[in-house]
Amino acid sequence: IRQLEGRRMRPVPRHNINMDEAELTVVLTEILHGHADPGELLSFEREVAAYHGVSHAIAVSSGRAAQGAVMAAMDLPAGSPVVVPAYAFKTVPAVVRGLGLQPSFAPCHTGHFAMDPDRLERYTPANASAVIVIHPFGQPAPVDRISCFCSQRGIPLIEDSSQSIGASLAGRTVGTFGKAACISLVHGKNMMTFGGGLVLTDDAVLAGRVRRTVASAAPEPDSAVRKRAMTGLANWALTTRAGYTGALLGPFLALNALDRARLDRMFDEPDVTFDPSSIRPMSAFQAKLGRLQLKRLDLRNAVRRHNAERLLDGLRDAGIPGHSARLPETLPDSLCTWNAFPLRVKSPSAVQKALLKMGIDSRPDYMSVYGFKDEWERDGTMFYLPNHPGMTDRDVDWVVSATADILKRT
């Protein structure tokens, strides 16, 4: 790493799967022995519910399974429109369609990226059966206003708080404003169990229906759970500084020089059609890991917030908002988790290519824009600077310096 720094390069991976010794022990134990205590699942659900201050938490096989289970339990009219943010991860409308419903897209704010409550009424069909709000990148949406609108219209609100576990708005925890919330726990989130998901609700009837759906499905086979643990361990190793520097940086640099688009496509998630039969219980191994992740969540969120504030302050001090770049905005009285640090620029691929030459890996926008494209891209296109608990202040300052230098030259 010192040799790299001498060449104006400091390796900073885009992502870090955060696991300490206790969490690694859980993963290795599953690989070597398997058969985690089934009681871990109930304990995890109780602890998640207590953390959010809700009555019910149900642990399921994935975030899309959580969304599907909630919507199926609501027994929404077949073919009815469900209002979805026009800036969303593609699985959100895919689940809506997979349940025989129709996504109806509402515009999002171009500064904080969440559904815009000022235009929600105009884009909510009279026969809308539900509204789904996403808290993008760990920055809370104006869910208080959206919740009020839904209450006035008698429409159930579903929150997707997959990147914002531990975030809050006006002192109220994200994921508790709607009739229910769904959460993904894949390894890119601020709390992860190598897949899996959660349903949160205070509605006992809804929780009962979700539990019956989940309980009726066969659990993941032990062999698949063990394979999940092995794949997770390998991914963890590659996202450490040593793993990134020794195994990934060289091939990434080669692709960066020869075919940047191919490098970006390596991390695209395939389009999938949602199958309701995929709703099943979370494994005991994932629940055990989730319990440890939950204990360390607030500390890791605090590191992400510290990094994000340092990034924001550094980029502002460098005058970046005046150099064809737009920094992310947050709502007043919000506490963010900063699961990602989005930056909007005119030519993200060129900026990413230049950053990687300096050792800094970044990610192109993985969200999709459904309509309102001219409005959305007026100020450029999104990509994500690295922000994770594996970064030091020196890493953050290097990202600021490199980004500022590149943007001032473009």
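Above this note sits the structure.
Calculation notes
- Residues numbered from 1 in each chain as written.
- Predicted model: local features only at pLDDT ≥ 70, side-chain atom pairs only at ≥ 80, totals over all residues.
- Heavy atoms only, no water.
- Core = buried A, V, L, I, M, F, W, Y, C linked by side-chain atoms within 4.5 Å.
- Buried < 20%, exposed > 50% of the residue type's maximum accessible area, 1.4 Å probe, protein only.
- Contact = heavy atoms within 4.5 Å.
- Helix = DSSP H or I, 4+ residues; strand = E, 2+ residues; numbered from the N terminus.
- Pairing = 2+ DSSP bridges.
- Phe/Tyr/Trp six-rings, centres within 6.5 Å; stacked < 30°, edge-to-face > 60°.

**Student:** Explain the nonpolar core here, please?
**Tutor:** Met71, Val82, Val84 and Ile132 are the most contacted members of the largest nonpolar core, which has 32 residues in total. Setting aside chain neighbours within four positions, we find valine 84 in contact with Val92, Pro93, Val96, Pro103, Ser104, Phe105, Ala106, Met115 and Ile132. Counting 30 residues, the second largest nonpolar core, distinct from the first, contains Leu355, Phe383, Val396 and Leu407.

**Student:** Looking at this structure, how should I read the pairing of strand β10 (residues 197-201)?
**Tutor:** For a regular strand, the rule is simple: side chains alternate between the two faces of the sheet. Most of β10 is tucked away, with 5 of its 5 residues classed as buried. Across the two faces of β10 the burial is the same, with Gly197, Val199 and Thr201 and Leu198 and Leu200 all buried. One ladder, built from 5 bridges, connects strand β1 (residues 56-60) with β10; its direction is antiparallel. Considered in β10, the bridge of alanine 57 is made with leucine 200. Across 5 bridges, the pairing between strand β9 (residues 180-184) and β10 is antiparallel. Within β10, the residue paired with cysteine 182 across the bridge is valine 199.

**Student:** Can you help me understand the packing of aromatic side chains in this one?
**Tutor:** Tallied over the full model, the rule gives 11 aromatic pairs. With 4.5 Å between their ring centres and 35° between their planes, tyrosine 87 and tryptophan 376 make a pair best called tilted. Residue tyrosine 87 is located in strand β3 (residues 87-88), and its partner tryptophan 376 is located in helix α13 (residues 373-376); the two are separated by 289 residues in the primary sequence. For the pair shown, tyrosine 87 and tryptophan 376 are each scored as buried. Taking the centre distance of 5.2 Å and the plane angle of 80° together, the rings of tyrosine 123 and phenylalanine 372 count as edge-to-face. Residue tyrosine 123 is found in the loop between β4 (102-106) and β5 (130-134), and its partner phenylalanine 372 is found in the loop between β15 (368-369) and α13; the two are separated by 249 residues along the sequence. Tyrosine 123 sits in the partly exposed class, given a relative accessible area of 23%. A relative accessible area of 27% means that phenylalanine 372 is categorised as partly exposed. A network of ring pairs unites the aromatic residues Tyr87, Phe89, Phe113, Phe137, Tyr366, Trp376 and Tyr384 as a single cluster.

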